[in-house]
Amino acid sequence: MKSQFSKIAKIRKQKRDAIERELMKSQNKERLLTHKIASLYDDIAAVQMPKEGLVTVLLMVNEQKSILNREKKRCEQELFVVQRNTKKLQLDYQKAHVEYEKIKYLEEQELQAIMDKIKREEQLYLDEISTMLFAGQLNQKR
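To start, this report covers the structure provided alongside it. (Residues numbered from 1 in each chain as written. Predicted model: local features only at pLDDT ≥ 70, side-chain atom pairs only at ≥ 80, totals over all residues. Heavy atoms only, no water.)

Notes on the pattern of salt bridges
No. 1: In this structure the tally under the stated criterion is 12 salt bridges.
No. 2: Linking E71 and R74 is a salt bridge whose minimum nitrogen-to-oxygen distance equals 2.7 Å. In this pair, E71 and R74 are both assigned in helix 2 (residues 55-141), three residues apart and thus about one turn of the helix distant.
No. 3: A salt bridge links E76 to K72; the shortest N-O distance between them is 4.0 Å. Taken together, the residues span about one helical turn, with E76 and K72 both in helix 2 at a distance of four residues.
No. 4: On the accessibility criterion, E76 (30% relative accessible area) is partly exposed.
No. 5: Salt bridges sharing partners connect three or more residues here, namely K29, K36, E71, R74 and E78. (Salt bridge = Lys/Arg side-chain N within 4 Å of Asp/Glu carboxyl O. Helix = DSSP H or I, 4+ residues; strand = E, 2+ residues; numbered from the N terminus. Buried < 20%, exposed > 50% of the residue type's maximum accessible area, 1.4 Å probe, protein only.)

A short note on the packing of helix 1 (residues 6-46) against helix 2
A pair of packed helices is captured by two measures, namely the crossing angle of their axes and the spacing between those axes.
No. 1: Helix 2 packs onto helix 1 with a crossing angle of 160° between their chain directions and a minimal axis gap of 7 Å. Between helix 1 and helix 2, the angle is such that the two are roughly antiparallel. For helix 1 against helix 2, the interelement crossing comes out left-handed.
No. 2: For the contact of helix 1 with helix 2, the per-class residue count stands at 18 nonpolar, 10 polar and 19 charged. (Axes fitted to C-alpha atoms, helices over the stretch in contact; angles between N-to-C directions. Parallel < 35°, antiparallel > 145°, perpendicular 65-115°, else oblique. Left-handed = near helix turned anticlockwise from the far one by under 90°. Nonpolar A, V, L, I, M, F, W, Y, C, P; charged D, E, K, R; others polar.)

Quick word on the side chain of E107
No. 1: Tracing the sequence through the fold places E107 in helix 2.
No. 2: With no salt bridge to any partner, buried E107 finds its closest opposite charge in K104, at an N-O distance of 7.4 Å.
No. 3: Not counting chain neighbours up to four residues away, the residues in contact with E107 comprise S3, F5, S6 and A9. (Lys, Arg positive; Asp, Glu negative; His and termini not counted. Contact = heavy atoms within 4.5 Å.)

What to know about the environment of K73
No. 1: The topology assignment puts K73 in helix 2.
No. 2: Separated by 36 residues in the primary sequence, K73 and I37 place their C-alpha atoms 8.7 Å from one another.

Points about the nonpolar core
No. 1: Core analysis: the biggest nonpolar cluster contains 10 residues, these being L33, I37, L40, I44, V47, V61, L68, C75, L79 and V82.
No. 2: Within the residue set of this core, elements represented by two or more residues are helix 1 and helix 2.
No. 3: Here this core gets five residues from one element, more than from any other, and that element is helix 2.
No. 4: Residue contacts for V47: discarding those within four places in its chain leaves V61, Q64, K65 and L68. (Core = buried A, V, L, I, M, F, W, Y, C linked by side-chain atoms within 4.5 Å.)

Here you go:
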């Protein structure tokens, strides 16, 4: 059974679900970046500076370490942006969920009112039938 709020509830639910999917994507990206940053920290710590050898080897190791540091900073900046986006999506999801629940409640109330009306009409119909049957039995006894 549909009410006047059914279409609105469906649209609100779709909106909420879309925000939820985006939120999940953002949270997954956040986890991936956190893991990548931890991995980069490990890689930076694993780089050993040579104790002796050519200057070019020393420069290459130093450059490798600076590349890893730049990548780490880039990932940290991206993580900051993703975390901010995740918080925004969480707020959007909460608002969308509240709006959906409001409409769903109104829809349920209207459907309950329709069901109550149908039950009352059915009860009146059954009362009418039983009155007619009772009147028919009285006429048969006379």
